[in-house]
Each structure stands twice: as structure tokens, then as C-alpha cells.
Amino acid sequence: MRSFILMITAAASLSAFDIETAVYEAYNAGKKEVTIPPGVYRISPPSSHSSIHLYLTNMSDFTVNAPDVTMLCTETCPSIRLDNCSNVLIRGITVDYDPLPFTQGTVLSIGTNDRDIEIALHDGYPLPPEGDQGLYIYDRITRHWKKNMYTSGTSAKLTVIGRTVRGTTDGVNARLGIETGDLVVIKRKIRSPHVTFLSRSFFCTFDGVTLHTGPTFAVLDVNGGGNRYLGMRITPGPVPPGATEARLKANTADGIHVISSMPGPHIENCLIEGHSDDGIAIHGHYALVLRDSGTRITVMPKNDVLPFTTNSIVRFTRTADGSVFAQATVAGITPSAAADRPGYEAVKGSLSIENKGIRDSMKTYYEIDLDTAVNAAPGDGIDCPAKNGDGFIVRGNTIRNHRARGLLIKASDGIIENNIIDGSSIAGIVVAPELIFWLEAGNSWNLTIRSNVIRNSGYERSSTGSSQAGMISVIANGASGYAAPAAQRNIEIADNIVERCCGVNLLITAASNVTVRNNTFKDTHGVESRTGESRGVDTKAVVWLDRVRDVRFSNNKVERMGPFGGTFIGASDDIAGVTGAPVKSVRRILASKEFGIEQGANGWHYLSLTGSVFTAMKYNPARKSWEGPEQFCLVGNTGMHPGNNCDAVRRWTSTITGTVRITGKPASGGSDGVTCSIRKNDETIWTSPTVGKAGVSHAVSTSVKEGDMIYFIVNCGPAKVNSGDSTGWDPVIEIGK
């Protein structure tokens, strides 16, 4: 191999333009590699590409060796970008930023109103911008994300006085327990994302590269394929000059994020820690169908970029129930005529696209000719499985101490094995398309998840509405719940260890032909978790199944179930072909899931109670709540608010005869708390002590017959002051089989 060694006499003065010149001189001279001498190089982007420090484009079959080289970037924009490259190897370089894209400090005080906060910045860290910013809370003892909080952050309006930051927060996390002495990270404004960026590049390799910090994703890989990330280290860097406190954070979003890769990436033996979102994410995109005219459909893609080309095999997903209902080959693509645009805009306006940013990005419409008719409805998703990262390998990585999920996978024909995931705030491994909000494809078929260890995860504040409730979650969603069976297919989950995690350890929904064998679940349910409860998940189960077909269990075991556990394998009543282990099947009726806009819908009524008189409430579509005789006497889908002189009530009428178990945990933000109770007909079967922000759990069993009525009642308390008495209470009624 012909090599070119760059000779430098004053390393510290080397600029990005100088490195690029040397790289391209070697490349254009026919050399196969260039070596950068060891050193710390403080680099600014050159004027030719002022938002990229080192830009490599249209290169192939070339190696940049940079062992013992630190690239210290002076602008919060990409350190290295590869465009239209193939078989390029970057080896050994370390990337850091000065100034940092974040700052950090210690909480000096939190106001009694749970909103006012004062922070002392740590020496050596930069000043934050004033105005609305995001704060991330870390435990003062562990120096990791603080447990039982919303780790996505707390927003605050900040002012900076010297090295002290004062702000007014949204109050959400403060009410959950920000304490004096806790540690805080504050994001700073960036010039452009990400730390490293690969675009339309194939079979390139980052080998032994270290990324200490940077803006947004540590790695973003878009519209390429087969790229390899080997032995990378995404980890907080050294203590900054003038500082004594270690860095709390690496980069400010995902670790390695791969989009529309064909074939999928190989990510092996990497360390990813201290980042602010998912560890590794692999997915493609959906376009949305606007019109179906036989073998011609009209679509609008996310960001105006079609996720397929002519001759692509595409797959169709029904938004209503999440089912994969058709497959076809693209025969032709034509931009839609301008005259048709008003009609398509009207259809777009009728669709429920929850993510405003994505909705606004969809401005171009295309006519797609298919080789067969598919009978798609407006709003259905279309994706190209081959461009979702299929054929990926995620092996031997360590992902730890970060928010969100260790792995978030939306691809097929892949292997997830021998990874250690420790301290992911939401879940360890999530396999799930996200058509409804993010338009991220797709369904996972032919997947192996084996020999992974997941520890100390799921500690984020319980999200009762989360569909990703298991530490290993294999799921898919429709518009109003888990998707139809067989959305996920042909999956093996074997030889994994899940230990000291919160809530459900393994969640399988909307899946068929799944093998679950030789997995060990250790020290489960040591703390209470209600994550997924509003989705019908029994959070006391170690394994939960819903809407599955043909699931085979063998040689799985639980070692030490904690006080908040209940059963090994639980399931809804929508399962079939589950073999190899006993399954406790229950029907779970959730107040929020069956919430209606008509009295009596699904057996529920919404009432006010004044003295001993119940009065039907009226539904207010603007508030999406039922309203009583006082302005703030309300019942919503997941909560209630009493009046000063009337109670808020929801009532369920039984259609069965048997025994029911009623669980839940009301919690209120009011300063003097509320009183909650449950009645069966005229008998009170549970009354809470004063309910405050910490909440009070209940688990009440009672016999019922058809026509019996169960009342859930919130009273503002003996002081008759309902200020701030919004009460989250989403009770569950379990009917066992």
C-alpha cells in the first residue's frame, strides 16, 4: 500500500483547510492513505465550507490515519463530513469542542412554588444563553440522569448574573423532586448539527474514533449503506481548562443514528455513554398516501424526499390498525401536476399528522405507478424495506448512563447480540416502527435478539401512555392502540439477561412467530412502575403479551421478583398460539383508553357530585373534557379536577358477573392535596388519605354483577379550596380469566 505521511512542524497551528489540502494531495496523487502526525489541533471551519470543520467528498478507497490526534473544533457544527464517498476509512481520531455545546452547574435553590430555580455554574464551563432553554437534571450523588423524572428535560426562562443562573421553570420536574445540590446541564445554541455526518456514502468505516461532545447526534448517517462503526468511543471528554468538575454529558442527542441505509450498518464493539437520547437508532422513512386510483397512488414524503425509487419494492401500512396490508413494486414516479395541488392540500389538511414540523415539511406530491393495486386509504404509510437499514449488525457494544433507549430499531433481517445496556432511562432494546408521529419506518421481520445484558434501566418517570413499556419491547402501534397481530414477524429473543430494571422486562405486541428461550429476568419490580398502564399493560408482569400469535416459550426464568411484581407471563385476552409456559390472561379496562365524548360510551359516565346528588356533565370539545357546574369541575381522559363545592366523578357500569381488581395511583399538584375514593353502588370500598404530588396507590378487589356501578370520585379536600387540584388518575379495572 502506498502511504503519504503529512509532515508538520507546528501542529497547534494546523487548520482544517491544511488537513484537507494534504488529504486531497495524497488522494489525487494516487496514494491509498494519509497519516496525520500526533497532536492536538485547534481547528476552525475554512471559508469554503464555513459550517464543516473537515469536509471529504467524492472519495473512494482511501484511508485517513489519525492515531493520537485530537481535533479541537471551535464552532458547534460538524467536525467531519463525508459526502458521496465509498470505502473511506477514518481511523483513530479524537474529536472535542471548545467552547462546549453545553454548560453545567449545581442547583443552589428551588422555590417553594416548584418553579423558581437558581444555579451556580461550574468553573471552567461556558455561560449559557439567556431566554427559554432546556435543563437536564442529574443526581448529585451518582452524577447520572436523575431517576423518577422526565429526562427529556425541564424548560426554563433564564437570566445570567455573573456565574449564577436564575430561571423560572415549567415546574414539571421540579414538582417531581429537583433538590438543592442536584446537577444541571444547560444546552447552548449551536451553529449546525451534528458531530460527524455521512451523506450518500457507502461502505465507509470509522475505526477507533473517539467523539467527546458536539452538537446533536454524535453520528448521523443518511442515505448511504453498509457503513461500519468499529470500536468507536462516544464518551464525555476531559475536565475543561479552569474546571474541577468532570463533564456530565457527551453529545447533546443520539449516539449513532442511521437513516435510509441500504444495506444496513455494522456497529460493533463501541462505547456510547453520557449522551442525551437514544444510543443507536436505525430506521427509514414513510411517505403518506393521499389518493389511491388503482395502480396509481399519490403520496407526500417526509422532508419532500421519497424513501424509494423506481423498481423499489414497497410495503404499505394501515395507519388505523398498524397492519402491513400490501406490497408492490414501483413502476414509475412523476411529480404531481400543479392543477392537482389544491385537492391534495385539502386531503393533507384532513389527515391527523401530530408532528407539526413533519407536516410542514411535506410540500411536494408525487404520482406513483405500481405493478399492482393495493387499496390504500389516505394517511396510510408506504416505505421501502430495503432502505430501512435491513441486514444490520449491532454487536458487542456498551451503551450506558443516558436518557431514552439503548437501541431503537426499525429494520429487518438483523442481529442484535452481545450488547451491554446499562442505565437507559426508558428501555434497553425497542423494536418499533413509528408511523403515527415520526414517520420512521419500518416493521421488523426476521430479527435475532440474543445474549444481551440490560441493567438498571427504565427509571424515567412512569409514562402510563407509553407503548414502549418493556425493557425489551417488540411492538407496533395503530392509531388507537397496539397494532394488529403480525405487524412484527419472525423474531427470536434468546439468552438475554434483564436485571434490576423497572416495570415490565419483556413486552411483545402486534407480533407473530416469536421464539422466547433461555432468557433470565433478575431482581424485577424492586420499585413501582406504571409505564404502559394506559396501553393495557399489566405493569406487575415480568413478561406481557398483547395482540400476538404463535409465541413459543422455553427455559426462561425469573430470579427474585420484587414487591411490585405480580406474575411471570401476563397477557391480554387477544392472544393465540402461545405455548411452552403458563400465561395469566386478563381483560384490562382502562379509563383513558375507553374515554368517550358521549355519556355511556363503553359503559362510562361523567358526573359531578354535590352533596348526595349526581349530575351528568357536558362535553366541551375545545377542552376535550367533561364539565360540571363549576368552571374547574372537570373529567378528562387521564385526569380529573374537582370544584370547590362539587366533586368530579367518572362511573363504570359492569357488564359481567365476577370479581374485578381495580388499580391506579391518583396524584395531585394542589398545595393542600385532594381526597379520592372509589364506590361500588352506595358502598365506599376505598378512600385515600390526602393525595399530593407523590400519589397514593390503590389495589382493590371486589365482586360485581351485571349493572353494578363503580364510581371514581375526586374531592378538593376539607378546606374546600380547589386551586391547582388537577389530579392524574387513570384507573384500571382487571377482569381475570
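Residues numbered from 1 in each chain as written. Predicted model: local features only at pLDDT ≥ 70, side-chain atom pairs only at ≥ 80, totals over all residues. Heavy atoms only, no water.

Trainee: Whenever I open this one, the overall build of the chain confuses me. Can you help?
Mentor: From N to C terminus, the chain includes 4 helices and 69 strands. Over its C-alpha trace the chain gives a radius of gyration of 27 Å, about what one expects of a compact globule, namely 27 Å for 737 residues. Expressed as lengths along the three principal axes of its C-alpha atoms, the size of the chain is roughly 90 × 65 × 60 Å. Counting all 737 residues of the chain, 57% fall into the buried class. Put simply, of all contacts in the chain between residues at least 6 apart along the chain, 72% involve residues at least 24 apart. Here the chain carries 72 positive and 72 negative side-chain charges, and the mean point of each set is 1 Å from the other. (Helix = DSSP H or I, 4+ residues; strand = E, 2+ residues; numbered from the N terminus. Rg over C-alpha atoms; globule rule 2.2 N^0.38 Å. Buried < 20%, exposed > 50% of the residue type's maximum accessible area, 1.4 Å probe, protein only. Contact = heavy atoms within 4.5 Å. Lys, Arg positive; Asp, Glu negative; His and termini not counted. Charge placed at Lys NZ, Arg CZ, Asp CG, Glu CD.)

Trainee: Mind showing me how you'd approach the packing of aromatic side chains here?
Mentor: Describing an aromatic ring pair means giving the distance of the ring centres and the angle of the ring planes. According to the stated counting rule, one finds 15 aromatic pairs in the structure shown. Summarising the aromatic geometry, the rings of F316 and F325 are spaced 6.1 Å apart at their centres and angled 50° between planes, so their arrangement reads as tilted. Overall, F316 belongs to the buried group, its relative accessible area being 0%. For F325, a relative accessible area of 24% puts it in the partly exposed group. Within the aromatic cluster, the residues linked to one another by ring pairs are F595, Y606, Y619 and W626. The residue whose ring lies beneath R81 is F197, and the NZ or CZ to ring-centre distance is 4.1 Å. The cationic tip of R535 hangs over the ring face of Y482; the distance from NZ or CZ to the ring centre is 5.6 Å. (Phe/Tyr/Trp six-rings, centres within 6.5 Å; stacked < 30°, edge-to-face > 60°. Lys NZ or Arg CZ within 6 Å of the ring centre and 35° of its normal.)

Trainee: Teacher, can you tell me more about the pairing of strand β46 (residues 506–509) here?
Mentor: In regular strands, side chains alternate between the two faces of the sheet. Burial of the side chains of β46 extends over both faces: L506 and I508 are buried on one face and L507 and T509 on the other. As defined by bridge partners, β46 adjoins strand β49 (residues 541–546) across 4 bridges and the pair is classed as parallel. Across the sheet, L506 pairs through a bridge with V543, a residue of β49. (Pairing = 2+ DSSP bridges.)

Trainee: What exactly am I supposed to notice about the sheet that holds strand β65 (residues 683–687) here?
Mentor: Strands in a sheet are paired, the pairing made by backbone hydrogen bonds, and the direction either parallel or antiparallel. Taken together, the 6 strands give an open sheet; going across it, the order is β56-β55-β61-β67-β64-β65, and neighbouring strands pair in antiparallel fashion. In the strand order of this sheet, the two ends are held by β56 (613–616) and β65, each with one partner. Along the sheet, successive strands turn relative to each other by an average axial angle of 30°, direction set aside. Taken together, the 4 bridges between strand β64 (residues 675–680) and β65 define a ladder with antiparallel strand orientation. Bridged to R679 within β65 is T684. (Axes fitted to C-alpha atoms, helices over the stretch in contact; angles between N-to-C directions.)

Trainee: Sorry if this is basic, but what is going on with the pattern of salt bridges here?
Mentor: Two side chains with opposite charge may pair up if their charged atoms get near one another. With the rule as written, the count across this model stands at 41 salt bridges. A salt bridge links R296 to D369; the shortest N-O distance between them is 2.8 Å. With R296 in strand β27 (residues 296–301) and D369 in strand β30 (residues 366–370), this pair connects stretches of sequence that are 73 residues apart. On the basis of relative accessible area, R296 is assigned to the partly exposed category, the value being 31%. D369 gets classed as partly exposed once you look at its relative accessible area, which sits at 22%. Connected through shared salt-bridge partners, R140, K146, E179 and D182 make up one network. (Salt bridge = Lys/Arg side-chain N within 4 Å of Asp/Glu carboxyl O.)

Trainee: Any chance you could explain the pairing of strand β4 (residues 54–57) here in plain terms?
Mentor: Of the two faces of β4, the one lined by L54 and L56 is fully buried and the one lined by Y55 and T57 carries no buried residue. In this sheet, strand β7 (residues 80–83) lies alongside β4 in parallel orientation, the contact comprising 4 bridges. Considered in β7, the bridge of L54 is made with I80.

Trainee: In this structure, what is going on with the confidence of the model for the chain? I would like to understand it.
Mentor: Keep in mind that low pLDDT regions are not for reading the predicted coordinates in detail. Mean pLDDT for the chain: 92, with 96% of residues reaching 70 or above. Counting contacts from residues 6–13, a segment whose pLDDT is below 50, to residues more than four positions away or on other chains yields 13 contacts. (pLDDT = per-residue confidence, 0-100.)

Trainee: Hey, could you run me through the sheet that holds strand β45 (residues 497–499) in this one?
Mentor: Across the sheet, which stays open at both edges, the 12 strands sit in the order β3-β6-β9-β18-β21-β24-β33-β36-β40-β45-β48-β51 with parallel pairing between neighbours. The open sheet has two edge strands with one neighbour each: β3 (39–43) and β51 (557–561). Judged from the 5 bridges that link them, β3 and strand β6 (residues 69–73) form a sheet pairing that is parallel. Across the sheet, the residue bridging to Y41 is M71, located in β6.

Trainee: Explain the state of the cysteines to me, please; I cannot follow it from the model alone.
Mentor: Enumeration according to the criterion identifies 0 disulfides in this entry. Here C633 is not cross-linked by a disulfide; its sulfur's nearest cysteine counterpart is in C646, at 3.3 Å. By relative accessible area, C633 is classed as buried at 0%. Among the cysteines around C676, which has no disulfide bond, C716 carries the closest sulfur, lying 11 Å off. (Disulfide = S-S within 2.5 Å.)

Trainee: Can you walk me through the environment of E20 in this structure?
Mentor: Tracing the sequence through the fold places E20 in helix α1 (residues 16–28). Sequence separation between E20 and L607 is 587 residues, and the spatial gap between their C-alpha atoms is 71 Å. When sequence neighbours within four positions are dropped, the list of residues in contact with E20 reads H49, H53, L54 and Y55.

Trainee: What exactly am I supposed to notice about the environment of V305 here?
Mentor: Tracing the chain through its elements places V305 in the loop between β27 and β28 (313–317). For V305, a relative accessible area of 47% corresponds to the partly exposed category. With 322 residues separating them in the primary sequence, V305 and E627 have C-alpha atoms 45 Å apart.

Trainee: Quick question: what am I supposed to make of the side chain of D383 here?
Mentor: Among the structural elements, D383 can be located in strand β31 (residues 381–383). Within the local environment of D383, its side chain forms a polar contact with the side chain of N388, the two groups lying 2.9 Å apart. In contact with D383, not counting residues within four places along its chain, are H285, Y286, I313, V314, R315, N388, A441 and G442. (Polar contact = N/O pair within 3.5 Å; in protein donor to acceptor, adjacent residues only side chain to side chain.)

Trainee: What is the right way to read unusual backbone geometry from this model?
Mentor: The phi angle of most residues is negative, glycine excepted, and most peptide bonds adopt the trans form. Geometrically, the link from D98 to P99 is a cis peptide bond, its omega value of 10° lying close to zero. In this structure, P99 sits in the loop between β9 (94–97) and β10 (102–110). With omega at 5°, the peptide bond leading from A441 into G442 counts as cis. Its location among the elements puts G442 in the loop between β38 (440–441) and β39 (445–450). If you check the backbone angles, R500 has positive phi at about 55° while not being a glycine. For R500, a relative accessible area of 41% gives the class partly exposed.

Trainee: Help me out: how do you make sense of the side chain of T63 in this one?
Mentor: Along the polypeptide, T63 turns up in strand β5 (residues 60–65). On the accessibility criterion, T63 (11% relative accessible area) is buried. Beyond its immediate chain neighbours, meaning those up to four positions away, T63 contacts K32, E33, V34, L89 and R91.

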